[in-house]
Amino acid sequence: MPHTWTAQVITPAWPEEPPGDEGRPAALLRGVFTVSSQVRRAELRVTALGVYEMEVNGTVVGDHVLAPGWTSYHHRHRYQTFDVTTLVRPGPNAWGAHLADGWYRGLLGFNGGNRDIYGPHTGLLAELTIEYADGSLQTVTTGPGWRASAGPVTAAGLYEGEAYDARRELPGWSEPGFDDTPWRPVRVVDFDTSVLFPADSPPVRRIECLTPVAVTTSPAGRTIMDFGQNLVGRLRVRGEAGRTVTLRHAEVLENGELCVRPLRGATATDRYTLRGDTDGEQWEPRFTFHGFRYAEIDNWPGELAPGDVTAVVLHSDLRRTGWFESSDPSLNRLHENVVWGMGGNFLDVPTDCPQRDERLGWSGDIQVFAPTATFLYDSPPRPLHEGQLTVDVAVPRGTEATIDLPGAEPTRAGPGTHTFHTPHRTTEEQQ
């Protein structure tokens, strides 16, 4: 039975500036509620127009990355459900979220791409159901009583990368007792909750971490890290205070320097301004990903020490089901490359590439690779979008239709809009 939503989608009420070359900043949204007695169970349902990271009483909820993922939002919009019983306590409570553009309104497509494909505003929709020990229920939701603020993510885009200024962090912002009087109001955004559906495919997660196999100095004097193989994810850094560290990513080198020409319009650059913590600090972007083997690091203090920089591998957390091994090491290596390449190109949507200004769900690519994908991993129709397409954009046979394919190439006509003729049923099918 579909969930009946009482929550409202909210967005910061302030006027927004046009996006810069690095993308738009992420917002912080915050609400408070009171729990009257002992809690038996607390369940959170949440999604976003954009991508989110949710916190309850100062703790990040779940381990999903770039949630709620990418669907044809106007047709079917995924939400996640989390058990947060251990995070909710009697008395005052607080909850909130980082909220960024993601696929919903971030830059997508090549030849300049498009923004605001699915809508002009980001938004958060969250509903927390609390069951008390006596069996009574309480529901708290996003709504007009929430507050909004700028946060430390000063710019974020899937192609562009992320800029983060740790000096703008607001300690305790998602905890009770935090003073949010300087924060701004939110406004409610009209939203059709009938398109919402519970997540039915594995989320994107942090799968593993890799350390550089070599750190070299390029002919131009730049510090370049080599992680030994292509990967999809981002870098986690730790270091001293008081400077902005710049990280650039690419798959190959050219004349000993980072080769970014194949990235076309994707700048794939992360910037972290340290806050000045004398005990050191650690940072990993929230709202971007890159395809790379090499990373150039600029303005690092002194020599890079082991463990200062780690590559965090991201992809959909699919269950492995197929293996292959032969007596030929080269053939075995080819198989391992296929497995690794599939992971890098299954980041919520099966894509054509993970690095340049594309990363789109071409249906022709996946129909070729689908037999291999379903052998290697438990890849039900939803991750491959077969089931999603039949539900989202099903049309009668023998008719003409224009559809938007989630992840297909965005065009000026819309997010992957394609006009096609559906075939008439054969005589056998009609029987």
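The structure under discussion appears in the preceding block.
Just so you know, these numbers come straight off a predicted model, no measurement behind them.

Trainee: Quick rundown of the overall build of the protein? Include the residues and the values.
Mentor: Within the protein, the secondary structure is distributed over six helices and 28 strands. Within the protein, the fraction of its 431 residues that count as buried is 52%. Taking as baseline every contact in the protein between residues at least 6 positions apart, the subset at least 24 positions apart corresponds to 76%. Summed over all atoms, the accessible surface of the protein reaches about 19,500 Å², with 49% contributed by carbon and sulfur.

Trainee: Tell me what's going on with the pattern of salt bridges, and back it up with residues and numbers.
Mentor: When the charged atoms of two side chains with opposite charge come close together, those side chains can pair. Applying the stated criterion to the full structure yields 32 salt bridges. One salt bridge in this structure joins D378 and R319, with 3.3 Å as the shortest N-O distance. Here D378, found in the loop between α3 (363-376) and α4 (381-384), pairs with R319, found in the loop between β24 (309-316) and α2 (329-345); they are 59 residues apart in sequence, far enough to count as distant. Residues joined by salt bridges that share partners form a network here, namely E16, R24, D101, R105 and D116.

Trainee: Lay out the packing of α2 against α3 in plain terms, naming residues and giving numbers.
Mentor: For any two helices packed against each other, the geometry comes down to the angle between their axes and how far apart the axes lie. Following both chains from N to C, one finds α2 and α3 inclined at 95 degrees, their axes separated by 11 Å at the closest point. Between α2 and α3, the interaxial angle falls into the category roughly perpendicular. Across the interface between the two elements, H335, V338, V339 and M342 of α2 pack against F369, T372, A373 and L376 of α3. For the contact of α2 with α3, the residue count by class is six nonpolar, two polar and no charged.

Trainee: Describe the pairing of β24, naming the residues involved and giving the relevant values.
Mentor: Here β24 lies mainly inside the structure; eight of its eight residues are buried. Sheet topology note: the strand β15 (residues 204-210)/β24 ladder contains six bridges and is antiparallel. If you follow C209 over to β24, its bridge partner there is V312.

Trainee: Any chance you could break down the side chain of R45 for me, citing the residues and the numbers?
Mentor: Counting through the fold element by element, R45 comes out in strand β3 (residues 39-49). At a separation of 3.1 Å, a polar atom in the side chain of R45 contacts the side chain of E43.

Trainee: Outline unusual backbone geometry, listing residues and values.
Mentor: The linkage connecting A67 with the following residue, P68, adopts the cis geometry, with an omega of 10 degrees. Checked against the element boundaries, P68 lands in the loop between β5 (59-60) and β6 (77-83). Although it is not a glycine, R264 adopts a positive phi angle of roughly 55 degrees. Tracing the backbone shows R264 in the loop between β20 (257-259) and β21 (269-273). One non-glycine residue, N299, adopts positive backbone phi at about 70 degrees. Within the secondary structure, N299 sits in the loop between β23 (290-298) and β24.

Trainee: Describe a nonpolar patch on the surface, listing the residues and the values that go with them.
Mentor: Judged by side-chain polarity, F324, L331, L334, V338 and F375 come together as a nonpolar surface patch covering roughly 440 Å² of accessible area. Here the nonpolar patch gets three residues from one element, more than from any other, and that element is α2. Tracing the chain through its elements places F324 in the loop between β24 and α2. Residue F324 is classed as partly exposed on the basis of its relative accessible area, which comes to 41%.

Trainee: Hey, could you go over α3 for me, with residue numbers and the actual values?
Mentor: With 14 residues, α3 ought to run about 20 Å at 1.5 Å a step, and its terminal C-alpha atoms sit 19 Å apart, in line with that. A maximum bend of about 55 degrees is found in α3 at F369, where proline P371 lies one to four positions downstream.

Thresholds applied
Residues numbered from 1 in each chain as written. Predicted model: local features only at pLDDT ≥ 70, side-chain atom pairs only at ≥ 80, totals over all residues. Heavy atoms only, no water. Helix = DSSP H or I, 4+ residues; strand = E, 2+ residues; numbered from the N terminus. Buried < 20%, exposed > 50% of the residue type's maximum accessible area, 1.4 Å probe, protein only. Contact = heavy atoms within 4.5 Å. Areas by Shrake-Rupley, 256 points an atom, 1.4 Å probe, with all protein chains shown as cover. Salt bridge = Lys/Arg side-chain N within 4 Å of Asp/Glu carboxyl O. Axes fitted to C-alpha atoms, helices over the stretch in contact; angles between N-to-C directions. Parallel < 35°, antiparallel > 145°, perpendicular 65-115°, else oblique. Nonpolar A, V, L, I, M, F, W, Y, C, P; charged D, E, K, R; others polar. Pairing = 2+ DSSP bridges. Polar contact = N/O pair within 3.5 Å; in protein donor to acceptor, adjacent residues only side chain to side chain. Patch = residues over 30% accessible without salt bridge, like charges linked within 9 Å, V, L, I, M, F, W, Y side chains within 5 Å. Expected span 1.5 Å × (residues − 1). Bend = angle between axes of the 7 residues up to and from the residue.

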